[in-house]
Amino acid sequence: MKLLIFLLLFFSIVAATSAQTSSTVNYGSITGAIGNSQGSISIDYFHLWKLGTAKKIEIGVGGRFTSYFGSNQYYSSAPAALANDVAKTDSILLGSPQVNAINLAVNLGYRLSPKIGLGFNIDALGFTLGSKKNGTYLNGTQGEATSGNPTSFNVLLVGNNDRGTLNSEFYARYFFNEKLAIKIAYQFLFTEYTTDTQIQQAPEANDRFRNKAGLFSLGITKQF
Amino acid sequence: MKKIIFGLLAVLVLACGAEDATPTAPVNDTFDPTKATLLRQGNLTGSNNYKVSGVAQLYNENGKLVLLLDDFSSSNGPDLRVYLSTTSGAASFVNLGKLKSTTGKQSYEIPAGTNLTEFKFVLIWCQQFSSLFGKSETN
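I will try to describe carefully the structure that is included in this document. (Residues numbered from 1 in each chain as written. Chains lettered and ligands numbered in written order. Predicted model: local features only at pLDDT ≥ 70, side-chain atom pairs only at ≥ 80, totals over all residues. Heavy atoms only, no water.)

## A closer look at the overall build of chain B
Inference 1: Along chain B, the regular secondary structure elements total one helix and ten strands.
Inference 2: Start at the N end of chain B and walk to the C end: the helices and strands fall as α-β-β-β-β-β-β-β-β-β-β.
Inference 3: Expressed as a percentage of the 139 residues in chain B, the buried residues total 45%.
Inference 4: For chain B, restricting intrachain contacts to residue pairs at least 6 apart in sequence, the fraction spanning at least 24 positions comes to 63%.
Inference 5: Element-wise, carbon and sulfur atoms account for 53% of the exposed surface of chain B, whose accessible area totals about 7000 Å². (Helix = DSSP H or I, 4+ residues; strand = E, 2+ residues; numbered from the N terminus. Buried < 20%, exposed > 50% of the residue type's maximum accessible area, 1.4 Å probe, protein only. Contact = heavy atoms within 4.5 Å. Areas by Shrake-Rupley, 256 points an atom, 1.4 Å probe, with all protein chains shown as cover.)

## Points about the overall build of chain A
Inference 1: If you tally the helices and strands in chain A, you get two helices and 13 strands.
Inference 2: At 19 Å, chain A has a C-alpha radius of gyration in line with the 17 Å of a compact globule built from 224 residues.
Inference 3: Oriented by its inertia axes, the alpha-carbon framework of chain A measures out at about 60 × 30 × 25 Å.
Inference 4: When burial is assessed residue by residue, chain A has 49% of its 224 residues classed as buried.
Inference 5: A total accessible area of about 9700 Å² is found for chain A, and carbon and sulfur atoms account for 66% of it.
Inference 6: Each charge sign in chain A was given a centre, from 18 positive and 13 negative side chains, and these centres are 12 Å apart. (Rg over C-alpha atoms; globule rule 2.2 N^0.38 Å. Lys, Arg positive; Asp, Glu negative; His and termini not counted. Charge placed at Lys NZ, Arg CZ, Asp CG, Glu CD.)

## Details of unusual backbone geometry
Inference 1: Cis geometry is found at the peptide bond from A202(A) to P203(A), where omega equals 0°.
Inference 2: Positionally, P203(A) belongs in the loop between β12 (180–195) and β13 (208–223).
Inference 3: In this structure, K55(A) is a non-glycine residue whose phi angle is positive, near 55°.
Inference 4: For K55(A), the position within the fold is in the loop between β2 (38–51) and β3 (57–70).
Inference 5: Phi is positive for D71(B), which is not a glycine, with a value near 50°.

## Thoughts on the sheet that holds strand β2 (residues 37–43) of chain B
All names here are of chain B.
Inference 1: Strand order in this open sheet of five strands is β1-β8-β5-β4-β2, and the pairing throughout is mixed. Looking at which strands have only one partner, the edges of the open sheet turn out to be β1 (27–28) and β2.
Inference 2: The pairing of strand β4 (residues 52–61) with strand β5 (residues 64–74) spans nine bridges and is classified as antiparallel. Looking at β5, one finds that L58 is bridged to L67. (Pairing = 2+ DSSP bridges.)

## Section: the environment of Q73(A)
All names here are of chain A.
Inference 1: Following the sequence through the fold, Q73 ends up in strand β4 (residues 73–77).
Inference 2: In this structure Q73 comes out as buried when scored by relative accessible area, which is 7%.
Inference 3: Taking the C-alpha atoms as reference points, Q73 and K88, 15 residues apart in sequence, are found 19 Å from one another.
Inference 4: Ignoring anything within four residues of it in the chain, the contact list for Q73 reads N36, S37, Q38, Y68, I92, L93, L94, P97 and N211.

## Comments concerning the nonpolar core
Inference 1: The biggest cluster of nonpolar side chains holds 22 residues, and the ones touching the most others in it are L67(B), L69(B), V82(B) and L84(B).
Inference 2: Looking at this core, the elements that each hand over two or more residues are β4, β5, β6 (80–85), β7 (92–98), β8 (103–110) and β9 (121–126) of chain B.
Inference 3: The element contributing the most residues to this core is β5(B), with four residues.
Inference 4: Each residue touching L67(B), except ones within four places of it in the same chain, is listed here: A56(B), Q57(B), L58(B), V82(B), L96(B), Q106(B), S107(B), Y108(B), I110(B) and V122(B).
Inference 5: If you look at the next biggest cluster of nonpolar residues, it comprises 13 residues, including Y68(A), Y137(A), L189(A) and I199(A). (Core = buried A, V, L, I, M, F, W, Y, C linked by side-chain atoms within 4.5 Å.)

## Re the packing of aromatic side chains
Inference 1: Scanning the entire structure with this criterion turns up twelve aromatic pairs over all chains.
Inference 2: Ring geometry for Y174(A) versus F176(A): centroids 5.7 Å apart, planes at 75°, classification edge-to-face.
Inference 3: In this structure an aromatic cluster arises from ring pairing among Y83(B), F93(B) and W125(B).
Inference 4: For R111(A), the ring lying beneath its charged end belongs to F175(A), and the centroid distance is 3.7 Å. (Phe/Tyr/Trp six-rings, centres within 6.5 Å; stacked < 30°, edge-to-face > 60°. Lys NZ or Arg CZ within 6 Å of the ring centre and 35° of its normal.)

## Quick word on the environment of Y75(A)
Residue and element names in this part refer to chain A.
Inference 1: Assignment of secondary structure puts Y75 in strand β4.
Inference 2: The class for Y75 is buried, based on a relative accessible area of 0%.
Inference 3: The sequence separation of Y75 and S91 amounts to 16 residues, and the corresponding C-alpha distance is 5.3 Å.
Inference 4: Excluding anything up to four places from it in sequence, Y75 contacts Y68, D90, S91, I92, L94, P97, T191, E192, Y193, F209, R210 and N211.
Inference 5: A polar contact of 2.9 Å, which involves the side chain of Y75, links it to the side chain of T191. (Polar contact = N/O pair within 3.5 Å; in protein donor to acceptor, adjacent residues only side chain to side chain.)

## Some words on the side chain of D162(A)
Inference 1: Along the chain, D162(A) turns up in the loop between β10 (153–155) and β11 (166–175).
Inference 2: In terms of polar contacts, D162(A) uses its side chain to reach the backbone amide nitrogen of L157(A), at 2.7 Å.

## With respect to the side chain of T138(B)
Inference 1: Relative to the helices and strands, T138(B) resides in the segment after β10 (131–137).
Inference 2: Setting aside anything within four residues of it in sequence, one finds T138(B) in contact with R40(B), Q41(B), G42(B), A56(B), L58(B), K120(B) and V122(B).

So this is what it looks like as structure tokens:
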């Protein structure tokens, strides 16, 4: 739903302002992000249309590669039917989660001034690679050893129906000149593992577990 | 600009929180073993270069199962838990809670229905880092 709303907004604005759209801009960024015993490195490239009479709105699509690495991270039951009720969630603890995702992404930005831009972007669809990891399944006072792989397919849907590894950023950019900017962002990164068996059995069988990481990030953006 | 970048990096580094260590003040729980039936017991030993000592005793106190760690001492670490396990690792376990202290006499209630013949190992386990500090096989 988020994606649908975003795309509708996107195409509506494009359609409504098509007479005014005469320029585009491309941004590529390298970003490092860090949080509590976890972090990520991402590389993205966006093609944006500059909209509005002042050409301050920048909206478009692109792609992003995200490599996430963590140490001793908890992953909670991912399916919406479980994730929406904390009483129904179990968790797995992974010693060294590491996933690599490539996703199509959308971006909405606003150029406050020639020097400063603000915006938001979010992954929408893609796939994830990564090796099998050992961990511990935790169900209240019970626990047992388990293992799993990163969930292969990523898709942005409504609420907890999201699947796989999806990155998003609220960012601010400061442009040193027309081509180069520093980017400061709050990164919200979902990563997901699928266990080898449906290790959770109640209240329903489940093999998908998600980690939601809030990370502070710093990057360099080049305008093409 | 160098100052700005340095400041941002400092903020990022400080955003990484430190792990909580286990309390070290000695505890002396009021559990009275003379009013309970001893079911199993074993001596605790350290693992992975950690020092753990004491006696692990499993009691039935009027139908309630209790683990007593007596004359207990352990190396300190983050997120230390007391597990009952089917093996000397944490392949399948019951989590009795966070370790109250690295020293002293301490008791832990065992969930009703736990099969003590199956879950016969007592582990001092660092959950956050999946590391065994100490263990006892009870008999």
